[in-house]
Amino acid sequence: MFDPHPLIEKIHALPHGEARLSAVSDAMHQADEAQAHYWRLYFRYEYLTESNIYGDNFKGLLCFPEYLRIFDEHPELEEDMSHDVMWAFKWLLDNAADFYQISMEQILDYFEEFKLRSQAYGLSLRTYYMKRAKFDMAVNPDAAQISYANFKHYPRSRNSDCEACECNFDMEYYLSQNDIKSALEIAQPILNGEKTCAEIPHVTYAELAHYYFYHDQPTEAEYYALLCERKIQNRPEFLKEKGYLLEIYSVTDPGHGWKLLKYALGDFMRCKNPMMRMTFARGAYHLITAAAKSTEYAQSGFLSVLPVAREEEGWNMKTLADFFYEIADDIALRLDHRNQNQYYQTMLKKPLPDASASAQISEEQKQPQHGLIKRQQSQFVTVLPYTAPSAAQMEEKIRASLLEVLSMNTEENTCICSVMLDQNPLDLILVSLPEEDAQPLIVETANGFDPDDLENLLKIPYRMLLVTELPAGGQKSYYLIMKLLAILFPEMLGVISITAMKAFSPAWVQFAGNYESVIRPKDVYSIYIAGKAEDLHMNTFGLASLGMRELELSGANADNFGHYAALLDRTAAFCVENENLPDEGQIITMCYDSEMNEYPLKWQNITDALKTLPPDSTAVKAYREIPSGMLITEGLPAPKEIELTNTRREFFRTRALTKETFEIFQKIVRRCESALVKLEIELNEEMIDQYDYSIELLFAEIDMDETEKLIAVMAQESEAVPEYAIGDRIEVTQDNIVDWRIRTSDGNIFTPEELYLLQGADL
Amino acid sequence: MDFSQTEMGFCLLERGEPRLAAIREAIAEADQKNNLFWRFQFRYDYLEESVFCGDRYFAMIIFPEMLALYDQNEELRNHFSHDFLVCFRWIVEAAPEFPQISKAEIDSYFRMFKKMLLEQGKSLSIYYMKRSLFYMHVDKAIAAADFYRFLDEPLDDVSDGRALYYDQQCMYYLSIGEEEKALEAAKLIFAGKLKSNALPQATYHDFIRFYLVRKQYAHAMHYAFLTEHRVLSDPYYLDIIGTLMSLYSVTKPADGLRLFRMHYILYQQSKNPFLKMQFAIGAYHLFHALSHIQPPVKEMMIQLDQEDPIYGYSLKETAAYFYHEADKAVRKFDARNGTNDFSEMLALFDKEFLNRG
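Rules used throughout
- Residues numbered from 1 in each chain as written.
- Chains lettered and ligands numbered in written order.
- Predicted model: local features only at pLDDT ≥ 70, side-chain atom pairs only at ≥ 80, totals over all residues.
- Contact = placed C-beta atoms within 7 Å.
- Helix = DSSP H or I, 4+ residues; strand = E, 2+ residues; numbered from the N terminus.
- Nonpolar A, V, L, I, M, F, W, Y, C, P; charged D, E, K, R; others polar.
- Pairing = 2+ DSSP bridges.
- Expected span 1.5 Å × (residues − 1).
- Buried ≥ 20, exposed ≤ 12 C-beta atoms within 10 Å, placed from the backbone.
- Axes fitted to C-alpha atoms, helices over the stretch in contact; angles between N-to-C directions.
- Core = buried A, V, L, I, M, F, W, Y, C linked by C-beta atoms within 7 Å.
- Domains from an automatic or database assignment.
- Parallel < 35°, antiparallel > 145°, perpendicular 65-115°, else oblique.
- Left-handed = near helix turned anticlockwise from the far one by under 90°.
- pLDDT = per-residue confidence, 0-100.

This brings us to the interface of chain B and chain A. Between chain B and chain A, the residue contacts involve 13 residues of the former and 16 residues of the latter. Sorting the residues of the side of chain B that touches chain A by element identifies α6 (103-119) and α8 (140-152) of chain B as the ones contributing at least two each. Among the elements that line the side of chain B that touches chain A, the one with the most residues is α8 of chain B, at five residues. Along the lines of polarity and charge, the residues of the side of chain B that touches chain A split into six nonpolar, two polar and five charged.

Okay, structure coming up:
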């Protein structure tokens, strides 16, 4: 007897994409054989979903007519299945035009059929006109205007796209009308994060990037391209958007584009959606043409997936460019032939903007808006107790480690490779620095690294330089780098981040490479202060390696610089944690003055403050030169005396680390003089109602005489947890501990972040 | 008459039956005055009180009246569209607890609910969640299909909230034996970060049943310890009390007897067949175990009226009584659902008793 349950479980245990499509296809056939009509439709809908949302729609498109036929043959299932059918029909309308194999007549028939069925089910025609307008935008712009007006006329109904998708469509329509002002206004709920879905804001960023690129603003295009790229990495269903990005990077940063090409090329080879293929091929063509200006041959091994022969010197760039051009041209011709216009061929032949186009915009027009830039490469120096290994020795070392090697290339003292670490690809350049050229380094110690030890460290000339582009967010990236260095150089004497100008002790590197929550935002950047007592200038070092502009702060003086340094520090930490500059309206931090008045500090306050300053003032000029990278004190809402609130993120990070390292804590605590723990105690329901919070944090002192269990004596009384009074005993477990302080016999106090400093802590 | 004053007066009354009685009077008053708004509003109040402080029986009685009013009056549809969806949410969850409501009727409720959600542009998350819950004891394939759709749908203002979102995952994963996934889903609930009226006790209950069925009593007792004080003397949790009695019948029968003494009166008063069935199953397991304990337990230590059905019964006779009661209910539920899930629950310890014999 047919039992769909194990099939459903099997399908959902598989990753999205080919594997799942194949399992769903198998389930479809089993349901067909059993003539289980409900399940025949169910599995086909799953198939359409998988193909549409996680694939190239090709298989879904082939499956849809059969799906519709089975549905029509079984009116008894209409009530249960009509919603699914109409939803899948929308996907067909969204994607049919992507396939030149589907004739114009057939597409128009699909639209007509959808319209009739919508009316029969009492659905608003809003969705019909929305899809029609989208189709017409590339085929018949005049008709698109009428369809768009109809779309706005009809109300939303149960078959409408989500509000984020509709908002994005509105924006796309205004972009097609070259009305960027309206488009941006409409897109605000998406850009400030109010409206999102599985594809939004990804597609919104891509469309804005595309628009700006072909309107001679490649810098602005690149901003949106970078935002988009962070959303669509490893997502094959966004191949078209990746094509847009390649086109943009071909002008702004071909090297970065090459990396994107490397990771997306496999998806391109598997894709069967002509529109996606054409757009990606167009981008790849432009990128390779740009790269060909600096080199005639490419050596990258990833190109071997292409049906282009490698010559003795490598892959000929012109041959590669021609390969992609032919694909793009062939599909553009076919789509235009079907659509009876020249839209895609014109697009392919359109000249690209000049990289310097943005620079030609007048100063007044150059409105600083955004803080994202390309990630600058990061550099770490590992100091060793012996002569740094040669490139060949490094290769041996890497291959002997547990790292998965994706590619490897060694030359003299340089080893260039790609490895996988915790499922993150890392592109590394490892250089063995000559001892005789050891440069003096200016760095500060971090995380308890003894300054005397640092002084000694800097005298040692055995150094390996690691150059890499950080693969993820700041803290995650640093965790990966520390883990990598701890694996490759377990005997190291220290690590110096040239980017953040900080030195880390070997024990800390080991600790941070084991526990992700060890890394704090401040580990990723430094703050430097310079100038005269009455006019101090401060700036960060390190944010550029995360793809953000360094922050600068001017206008502080000797009396208040501590407060403003704290403000800069908090703002930089906010940027690192959010991997972005805050939006205009987003609160960066709360400030309090000496009378405990509260001030929310928003980026908007800073830009508003600038408006009150004369346009020729130094501050405004500086701001224009360094868009969104400057904090200026004049006019800020924060008074001179400020206090910044603690962030919840810090609490949760410490809590996570405390729990992760609880086993080590248990082992070492008895060897110490005394220890205070912070415990989270759950309130009972009555108290939750009364106090409106569910967890109370209480301090307790470890009973060192108790040897069997880890017992603490309550050191604090709470109204909300009447079960515990001062002196009560409680078992300390991984579940209830959130923080601790250990006092050693020499009087030093340690926190979870400093666990690595405790003698004998087996990390 | 100022109906809003009447409504405010409900707050001063004890929850449960006293408040329900007062609302019943208010409904009659509003009906008599033909005040459409208050006819509906009081019925909403009544349904809400029955769902949260009763045993949902009265909710099932009042809902068809609300549905008729809602269908017939456009002004109600304009004013109460969101509230009515919330009521519908409670009803599709409560309806399966009444075996007299057929599967076809429950399906039709679900269809109406889905249609209404779609018409108001709401997410189908709550629809898939409740339907998956119902079908867990009816058709595991549909339960699975709906569960995975539920995971894909976004939460919105009709959804049950994040706590119950994760609780549903626990329940589903446990139903297919995926203990690790269930523990992962329960993390935020167990850490006290997500709570609701019924959580964490309902989540603990999911785990107790899971371990109980697998005879992993130490694990089950861990969660029982966390659960018991949260569910005592609340008619809403008679099913959990039943499960605890089943567990204690093996681990600590004396505590099981304590629970029985505390809750037998609630069992008698309850009109919810599902809660009563779960309690009766637990009571049967408990008394069956007690009747086999050596040295024999002498008395139940419970004051009973002479008219009480178990007055003067021995432990063995009491076990037989609850078996009979549970069996009647189990047959009805299993017949409606087309499965034997509850029969299996009733027979959970049969082999052990035989072995002991």
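Time to look at the sheet that holds strand β20 (residues 711-714) of chain A. Residues and elements named next belong to chain A. The six strands are arranged β21-β20-β19-β18-β22-β23 in an open sheet whose pairing can be described as antiparallel. Each having just a single partner strand, β21 (729-731) and β23 (749-750) make up the two edges of the open sheet. One ladder, built from six bridges, connects strand β18 (residues 674-682) with strand β22 (residues 737-743); its direction is antiparallel. Note on β22: the bridge partner recorded for lysine 678 is aspartate 739.

Before going further, it helps to examine helix α7 (residues 126-139) of chain A. When the terminal C-alpha atoms of α7 of chain A are compared, their 20 Å separation across 14 residues agrees well with the 20 Å that a helix rising 1.5 Å per residue should span. Most of α7 of chain A sits inside the fold, with 12 of its 14 residues counted as buried.

Here the focus is the sheet that holds strand β4 (residues 404-411) of chain A. Residues and elements named next belong to chain A. The strand order β4-β5-β6-β8-β3-β9-β10-β7 describes an open sheet built from eight strands, whose pairing is mixed. Since the sheet does not close on itself, it has two edges, and those belong to β4 and β7 (444-445), each with one partner. As judged from the seven bridges shared by β4 and strand β5 (residues 414-421), these two strands associate in the antiparallel manner. Within the sheet, the bridge partner assigned to methionine 408 lies in β5 and is cysteine 417. Sheet strands in contact with helix α18 (residues 391-400) are β4, β5 and β6 (424-433), and its direction is about 170° off that of β4.

Attention now moves to helix α15 (residues 274-291) of chain A. The terminal C-alpha atoms of α15 of chain A lie 25 Å apart, and with 18 residues this matches the ideal 26 Å at 1.5 Å per residue to within 8%. Judged by how many residues are buried, α15 of chain A sits mostly within the fold: 16 of 18 residues are covered.

Looking along a regular strand, one sees side chains alternate from face to face of the sheet. All names here are of chain A. Bridging between β22 and β23 involves two bridges; their strand directions are antiparallel. Within the sheet, the bridge partner assigned to isoleucine 742 lies in β23 and is phenylalanine 750. Following β22, the chain reverses through five residues before pairing antiparallel with β23; glycine 747 in that reversal takes a positive phi of roughly 90°.

Let's shift gears to the nonpolar core. The tendency in soluble globular proteins is for nonpolar side chains to be buried side by side. Counting 214 residues, the largest nonpolar core has Ala209 and Tyr224 of chain A as its most contacted members. In terms of residues, this core owes the most to one element, helix α15 (residues 273-290) of chain B, which gives 12 residues. Counting the residues that make up this core, at least three belong to each of domain 1 (1-120) and domain 2 (232-357) of chain B. Residues in contact with tyrosine 224 of chain A, not counting those within four places in the same chain, are Tyr205, Leu208, Ala209 and Tyr212 of chain A. Counting 80 residues, the second largest nonpolar core, distinct from the first, contains Ile498, Val524, Met548 and Ala712 of chain A.

Next up on the list: the packing of helix α5 (residues 78-96) of chain A against helix α6 (residues 104-120) of chain A. All names here are of chain A. At a closest axis distance of 10 Å, the pairing of α5 and α6 adopts a crossing angle of 155°. The orientation of α5 with respect to α6, classified from their angle, is roughly antiparallel. Every pair of crossing elements has a handedness; the one defined by α5 and α6 is left-handed. Counted together, Met86, Phe89, Leu92, Leu93 and Ala96 of α5 and Ile107, Tyr110, Phe111, Phe114 and Arg117 of α6 form the full contact between these two elements. Looking at the contact of α5 with α6 residue by residue, the class counts come to nine nonpolar, no polar and one charged.

Here the bond from isoleucine 200 of chain A into proline 201 of chain A is cis, since omega is 20°, no more than 30 degrees from zero. Along the chain, proline 201 of chain A turns up in the loop between α10 (180-191) and α11 (202-213). Note the cis peptide between leucine 199 of chain B and proline 200 of chain B, where omega equals 15°. Looking at the element boundaries, proline 200 of chain B is found in the loop between α10 (179-190) and α11 (201-213). Notably, methionine 501 of chain A is not glycine yet its phi reads approximately 55°, a positive angle. On the neighbour-count criterion, methionine 501 of chain A (17 C-beta atoms within 10 Å) is partly exposed.

Let's shift gears to the confidence of the model for chain B. Per-residue confidence for chain B gives a mean pLDDT of 88, with 96% of residues at or over 70. Complex prediction metrics read pTM 0.64 and ipTM 0.83.

Once that is clear, we can look at the confidence of the model for chain A. Detailed conclusions should not be drawn from predicted coordinates in areas where pLDDT is low. Residues and elements named next belong to chain A. Of the residues in chain A, 87% have a pLDDT of 70 or more, and the chain-wide mean is 84. For the stretch residues 361-371, pLDDT sits under 50, and the model shows 18 contacts to residues farther than four places along the chain or on other chains. Segment residues 637-642 is flagged for pLDDT under 50; beyond a separation of four residues in sequence, or across chains, it makes 18 contacts in the model.

Now for the environment of cysteine 170 of chain B. Residue and element names in this part refer to chain B. Along the chain, cysteine 170 turns up in helix α9 (residues 162-175). For cysteine 170, a count of 28 C-beta atoms within 10 Å corresponds to the buried category. Along the backbone, cysteine 170 and lysine 181 are 11 residues apart, and their C-alpha atoms lie at a distance of 7.5 Å. If near-sequence neighbours (up to four positions away) are discounted, cysteine 170 is found in contact with Ala182, Ala185, Ala186, Thr203 and Asp206.

Residues and elements named next belong to chain B. Tracing the sequence through the fold places aspartate 45 in helix α3 (residues 36-53). As a C-alpha pair, aspartate 45 and alanine 59 span 14 residues in sequence and 9.9 Å in three-dimensional space. Residues contacting aspartate 45, with those up to four places away along its chain left out, are Glu7, Phe10 and Ile23.

So, about the pairing of strand β11 (residues 526-532) of chain A. Residue and element names in this part refer to chain A. Here seven bridges tie β11 to strand β12 (residues 535-541), and the two strands are oriented antiparallel to one another. Paired with lysine 532 across the strands is aspartate 535, a residue of β12. Hairpin geometry of β11 and β12 is characterised by an intervening segment of two residues between the two adjacent antiparallel strands.

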